Amino acid sequence: MKLLTIETQQYLSYYISRYQQVEAFGVDLYVLNGEGTHDFWPSERYRLVGSKKIDDIVAQARRWHAEEQFDGVITFSESAVVTVAVVAEALGLPGIPVEAAVRSRNKYLMRRAYEEGGVPVPRYRLVESVGEALAGGAEFGYPLIIKPTMGAGSHFVFRVDDARALERRYVQAVAGIQDMFWATSEADGIDLGPQGLLVESFLDGREYLIEALAWDDELYLGSVVDRITVEGGTFDDDVHHAPTSLPAEDLAKVHRVVAAAARAQGLHRSVMHAEVRFHQGEPHLLEIAARVGGGGLDQIARLTAEYDPIRAVVDVGRGVRPVVRHYRPTGTHIAAMCLISDAGVVEQVHVPPEVSTSDKVFLLKITARPGDLIRRPPDGNTILGFLGTTGRSEAEARSTMNEFASKITVRFTR
């Protein structure tokens, strides 16, 4: 089996571990990067286009497909979802419709689709000036959320509690999205819809992260994770627990709204990463990404729910129904977090052996390398990596996670 994976613009070496998981399923994985480095993947299965122009990427993919006859085309990169949809259509391979891919990337178009499909969402407004943002604040009230229409990883997503804070954060977000990777790494030559900022009404309940699968008329919640971060003005998305604490009645509500949102978005055969937040006791959709979740969410799904999102990507990519069941937790508890430090240029990240060799650690991934610039809000949202631990209860898993995280240190250059 041969699969082609694409990054429109290479994101360091972040996805290599995912590619290695795909290969472990017996897949011959070929990598096509629009822009990137020459030594990213074994040379016989790697091509670098040298351009983010969609026509150039499609042309290179066509030539390679004529030689290799790929069984499917996949991606793990948020900014390549649309590119892969275009390439799959051009090559006659399984994939989501291009229009659905665009709705899955542009949060304004996504919100409109949800509204038309009767899916509960926060009130929202696309804004192009401070004045329009303030008008949104007057309409929705405070606190308020401001976020990019094209983004990822909570970069330049802010909670604001009054008009003065909204003015300040608006200026910071407008400046930040000009060179934000997740906005600038999309393919050139595709209409991605309105570019800018949204203001949204605040949802007052807890948030849940879901690895899901749409296959024809059925929607499966493969994994459900509680987001247990204590929030301030920014959204670091840094602490999680699974299995979910949601009671069966609320879990059924979540299933219904995610299924309705997938239909509204046009996702009929797709892996999905959904984010749901409760408001006044009812689930509201924040977003559905047409890809699997980042960090260690795939490992969490396997451990706590016996669902493998990476295997699902392989199967969906070649047009085969994945092995999946409706959500049923295994009983294993995990706690996981993004490793967050101060801002600066990394000189060294030190992980002691008592952490790196512990059988309680199921996830340890240091993504920051020496020389990397760590940006923190309001300038960005860079992390050091990920840490996840297991336990017999949430309290035990979380205590171990916090203890081990405190032992991981970073030294910055002066």
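In the block above lies the structure referred to throughout.
Since the model is a prediction, treat every value here as computed from it, not as a measurement.

Asker: Break down the sheet that holds strand 3 (residues 46-48) for me, with residues and values.
Answerer: Taken together, 4 strands build an open sheet; the order of strands is 3-2-1-4 and the sheet is parallel. Both edges of this open sheet fall to strand 3 and strand 4 (72-74), since each of them pairs with a single strand only. Pairwise comparison of adjacent strand axes, ignoring direction, gives a mean angle of 20° for this sheet. The strands touched by helix 1 (residues 16-24) within the sheet are strand 1 (2-9), strand 2 (28-35) and strand 4, with strand 2 carrying the most contacts at an inclination of about 155°.

Asker: I'd like to hear about the pattern of salt bridges, residue by residue, with values.
Answerer: In this structure the tally under the stated criterion is 27 salt bridges. One salt bridge in this structure joins Glu23 and Arg45, with 2.8 Å as the shortest N-O distance. Taken together, the positions of Glu23 in helix 1 and Arg45 in the loop between strand 2 and strand 3 put the pair 22 residues apart, joining distant regions of the chain. A relative accessible area of 28% means that Glu23 is categorised as partly exposed. Here Arg45 falls in the buried class, since its relative accessible area comes to 16%. Beyond isolated ion pairs, a larger network of salt bridges with shared partners links Arg18, Asp298, Arg302 and Asp308.

Asker: Describe empty space enclosed by the protein, with residues and values.
Answerer: What the rule picks out here adds up to 3 cavities of 30 Å³ or more. Lining the largest cavity are 18 residues; nearest its centre among them are Val73, Ile74, Val84, Ile96 and Ala290. Those elements that place two or more of their residues in the lining of the largest cavity are strand 4, helix 3 (81-91), strand 12 (269-279) and helix 11 (309-317). It is helix 3 that contributes the most residues to the lining of the largest cavity, 4 residues altogether. Of the residues that constitute the lining of the largest cavity, the class distribution is 12 nonpolar, 4 polar and 2 charged.

Asker: I'd like a rundown of the side chain of Ser358, residues and numbers included.
Answerer: For Ser358, the location among the structural elements is in the loop between helix 12 (353-356) and strand 16 (361-366). We classify Ser358 as buried; its relative accessible area is 15%. Not counting residues within four places of it along the chain, the set of residues in contact with Ser358 comprises Pro353 and Phe404.

Asker: Explain the side chain of Ser201 residue by residue, including any values.
Answerer: Examined against the element boundaries, Ser201 turns out to sit in strand 8 (residues 197-201). If we skip the residues at most four places from it in the chain, Ser201 touches Pro122, Arg123, Phe140 and Leu144.

Asker: Outline helix 4 (residues 98-105), supporting the account with residue identities and numerical values.
Answerer: With respect to burial, helix 4 is a largely interior element, 6 of its 8 residues being buried. Taken residue by residue, helix 4 has Val98, Ala100, Ala101, Val102, Ser104 and Arg105 as its buried positions. Buried residues along helix 4 sit against helix 3, helix 5 (107-116), helix 8 (181-184), helix 9 (248-265) and strand 13 (282-289).

Asker: Requested: an account of the sheet that holds strand 9 (residues 207-215), with residues and values cited.
Answerer: Spatial ordering of the open sheet is given by 13-12-9-10-11-14-18-16, a layout of 8 strands whose pairing is antiparallel. Where the open sheet ends on each side, the last strands, each with one partner, are strand 13 and strand 16. Taking each pair of neighbouring strands and ignoring which way they run, the sheet shows an average axis angle of 25°. Of the strands in this sheet, strand 9, strand 10 (218-227), strand 12 and strand 13 touch helix 9, which is tilted by about 40° from strand 13. Helix-sheet contacts for helix 10 (residues 297-305) involve strand 9, strand 10, strand 11 (239-242), strand 12, strand 14 (333-339), strand 16 and strand 18 (385-391), and the interaxial angle to strand 10 is about 100°.

Asker: So what's going on with the packing of helix 2 (residues 54-68) against helix 3? Residues and values would help.
Answerer: The geometry of helix 2 relative to helix 3 is characterised by a closest axis approach of 10 Å and an angle of 45° between their N-to-C directions. In terms of orientation, helix 2 lies oblique with respect to helix 3. Here the hand of the crossing between helix 2 and helix 3 comes out right-handed. Contacts between helix 2 and helix 3 involve Ile54, Ile57, Val58, Ala61, Arg62 and His65 from the former and Thr83, Val86, Val87, Ala90 and Leu91 from the latter. Classifying every residue of the contact of helix 2 with helix 3 gives 8 nonpolar, 2 polar and 1 charged.

Asker: Which residues make up the environment of Ala135, and what values do they have?
Answerer: Tracing the sequence through the fold places Ala135 in helix 6 (residues 130-140). Note on Ala135: relative accessible area 31%, which makes it partly exposed. With 108 residues separating them in the primary sequence, Ala135 and Pro243 have C-alpha atoms 40 Å apart.

Asker: Break down the pairing of strand 9 for me, citing the residues and quoting the values.
Answerer: Burial within strand 9 is extensive, with 9 of its 9 residues counted as buried. The side-chain alternation of strand 9 yields two buried faces, one formed by Glu207, Leu209, Glu211, Leu213 and Trp215 and the other by Tyr208, Ile210, Ala212 and Ala214. When strand 9 meets strand 10, the two strands line up antiparallel, connected through 9 bridges. Residue pairing for strand 10: Trp215 is matched across the bridge by Glu218. The turn joining strand 9 and strand 10, which pair antiparallel and follow one another in sequence, is formed by 2 residues; a positive phi near 55° is taken by Asp216. Note that strand 9 and strand 12 share 9 bridges and pair antiparallel. The partner of Ala212 across the bridge, within strand 12, is Met272.

Thresholds, definitions, all that
- Residues numbered from 1 in each chain as written.
- Predicted model: local features only at pLDDT ≥ 70, side-chain atom pairs only at ≥ 80, totals over all residues.
- Heavy atoms only, no water.
- Pairing = 2+ DSSP bridges.
- Helix = DSSP H or I, 4+ residues; strand = E, 2+ residues; numbered from the N terminus.
- Axes fitted to C-alpha atoms, helices over the stretch in contact; angles between N-to-C directions.
- Contact = heavy atoms within 4.5 Å.
- Salt bridge = Lys/Arg side-chain N within 4 Å of Asp/Glu carboxyl O.
- Buried < 20%, exposed > 50% of the residue type's maximum accessible area, 1.4 Å probe, protein only.
- 1 Å grid on protein atoms, 1.4 Å probe; cavity = no way out; pocket = protein on both sides within 12 Å on 5 of 7 lines; lining within 4 Å.
- Points joined across faces, edges and corners; volume = space filled by probe spheres on them.
- Nonpolar A, V, L, I, M, F, W, Y, C, P; charged D, E, K, R; others polar.
- Parallel < 35°, antiparallel > 145°, perpendicular 65-115°, else oblique.
- Left-handed = near helix turned anticlockwise from the far one by under 90°.

So far we have only geometry, and geometry alone does not tell us how the molecule works.
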